[in-house]
Amino acid sequence: MSFNIGVSGLKAAAKDLEVISQNIANVNTAGYKEERAEFAAVYSGGDPGGVEVTRVSQNFARDGGKQFTGRELDVAISDRGFFMTRAQNGDVTYTRAGQFSRDADNYIVTADKSRLQGYQANAAGELQEGAVTDLRLGVSSIPASPSTRLEFVANFKADSPAIPAVPAFDPANANTYNYTYSSTVYDSLGTARTMTQYMVNNSPNNWTVHQYIDGNPVASTNLTFNPDGTLASPAAPVTITHTPTGADPMNIALDFTGTTQYSSNFTVARNETDGYPAGEASGLRVDDDGKIYSLYTNGRDLLMGQMVLANFSNPDAMERLNGTAWRATFDSGMPIVGKPGIGSLGTLTSGAYEESNVDLTDQLVDMVSAQRNYQANAKTISTANEANQVLLQSV
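These numbers come from a predicted model, not from an experiment.

A. Summary view of the packing of aromatic side chains. Overall, the coordinates contain 18 aromatic pairs when judged by the stated rule. The interplanar angle of 80 degrees and the centroid separation of 5.9 Å between the aromatic rings of F156 and F266 together place this pair among those described as edge-to-face. Of this pair, F156 sits in the loop between strand 12 (149-155) and strand 13 (179-186) while F266 sits in the loop between strand 19 (250-255) and strand 20 (267-273), and the two are 110 residues apart along the sequence. Among the residues examined, F156 registers a relative accessible area of 0% and is labelled buried. Put simply, the rings of F60, F82, Y94, F312 and W326 pair up and form one aromatic cluster.

B. A look at the sheet that holds strand 16 (residues 216-225). With antiparallel pairing, five strands are arranged side by side in an open sheet as 13-14-15-16-17. What marks the edges here is a single partner per strand, and that holds for strand 13 and strand 17 (231-233). Between one strand axis and the next, the sheet turns by 35 degrees as a mean value, whatever way the strands run. Strand direction decides the pairing type here: strand 16 and strand 17, joined by two bridges, are antiparallel. Bridge pairing links F225 to L231 in strand 17.

C. Representation of the pattern of salt bridges. What the rule picks out here adds up to 22 salt bridges. Between R327 and D91 there is a salt bridge, with the nearest N and O atoms lying 3.7 Å from each other. One end of the pair, R327, is in strand 26 (residues 325-327); the other, D91, is in the loop between strand 5 (82-86) and strand 6 (92-95), and 236 residues separate them in sequence. With relative accessibility at 31%, the residue D91 sits in the partly exposed group.

D. Spatial organisation of the environment of A310. Here A310 is to be found in strand 24 (residues 309-311). Note: C-alpha distance between A310 and Y107 (203 residues apart in sequence) is 20 Å. Among all residues touching A310, those that are not within four sequence positions of it are G81, F82, M84, Y94, P335, I336, V337 and L345.

The rules behind these values
- Residue positions are given per chain, counting from 1 as you read along its sequence in written order.
- Local features in a predicted model are, by the rule used here, given only for residues with pLDDT of at least 70; side-chain atom pairs are given and counted only at 80 or more, and totals for whole chains, interfaces and linings are based on all residues.
- Processing note: side-chain calculations cover all non-hydrogen atoms of the structure and skip hydrogens and water entirely.
- Within 6.5 Å between ring centres, the rings of Phe, Tyr and Trp (the latter by its six-membered ring) count as paired, and their orientation is classed by plane angle as stacked under 30 degrees, edge-to-face over 60, tilted in between.
- Helix and strand assignments come from DSSP, with helices taken as H or I runs of at least 4 residues and strands as E runs of at least 2, each series counted from the N terminus.
- Think of it in three bands: with a 1.4 Å probe and only protein chains considered, a residue is buried below 20% of the maximum accessible area for its type, exposed above 50%, and partly exposed in between.
- In this scheme, strands are said to pair when DSSP sees at least two bridges between them.
- Simply put, an axis is a line fit to the C-alpha atoms, just over the touching stretch for a helix, and the angle between two N-to-C directions goes from 0 to 180 degrees.
- Counted as salt bridges are all cases of a side-chain nitrogen of Lys or Arg within 4 Å of a carboxyl oxygen of Asp or Glu.
- In what follows, a contact means two residues having at least one pair of non-hydrogen atoms within 4.5 Å.

This is how it looks when you write it as structure tokens:
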């Protein structure tokens, strides 16, 4: 019986060394989780029968370190959760290896061409959360958008000198206005147009603002202020119209809401328009919540989609396909799928991937221990053999 016990010990120690070797070999594998051989004593009718390896588990409780690469589609998970991917045969798998790229069809894929899963956005950048699907990047360029509004918030200096009616206002004569300020607006072709406003103090609490686009007069707006410095009128945006050559007519709602008149200097607090020129795709951005944005040369961004994460009540029971990919099983439970950072799901870090969580020092120590265990079991077989030889010689 000693031979059988020793042989079982040799097999268990060999399996332990195999697992440790696998860990050491994958110390630099992205998303790899450290494995451990788990043993159990064997008995037969109450008599010792040696040892067996009951299973090889993986350590999902400890995150690997983050390797920052700066690559747009490298993404690391912090805490719990797995990326969902769909293999070419349609199987859904789960991984922690966040090294993604785009294929020829602009799908986000792993090294084995499995497609990353998430919520896709439509052409307008609106997230479609109804179903999890293959994430695809698109829209290599975005068209120009004409300006339809201009939010202009400023402080008009209350003690500015009143400008006499004569001579009449002339943008070429700085003595006929108090202040001037220029804003950029865009026509239907995406051409930048300069809207210049000239502020004229007529009398206390009463100003006239002359609007010019590319040097052409387009409107004049009267502003009145309350004694406490707040804007009395206009109470609603005023419409500025202009027809540039070769483009559609421009209709811009100029909103002065929030403009004040205090004794402090003339300042502009807000000067924003909704228009922009055409732009070409220049890069990607992935936020901590998994939202993927395409960046454009005109300074705009457009939501492409959002990665989802999956978690399991018993991840140890997942079927291991390889060192960094798993499949759900009955014992692992159904996946809990959702947005990163919600509930028990972890958050994401873009421009980095999760390294293996193998501690090389621990593995080297374990390897020495497993080697000694193997040698000790071999010694029990050798000793049992010597005892049998002695017994046979004494007969």
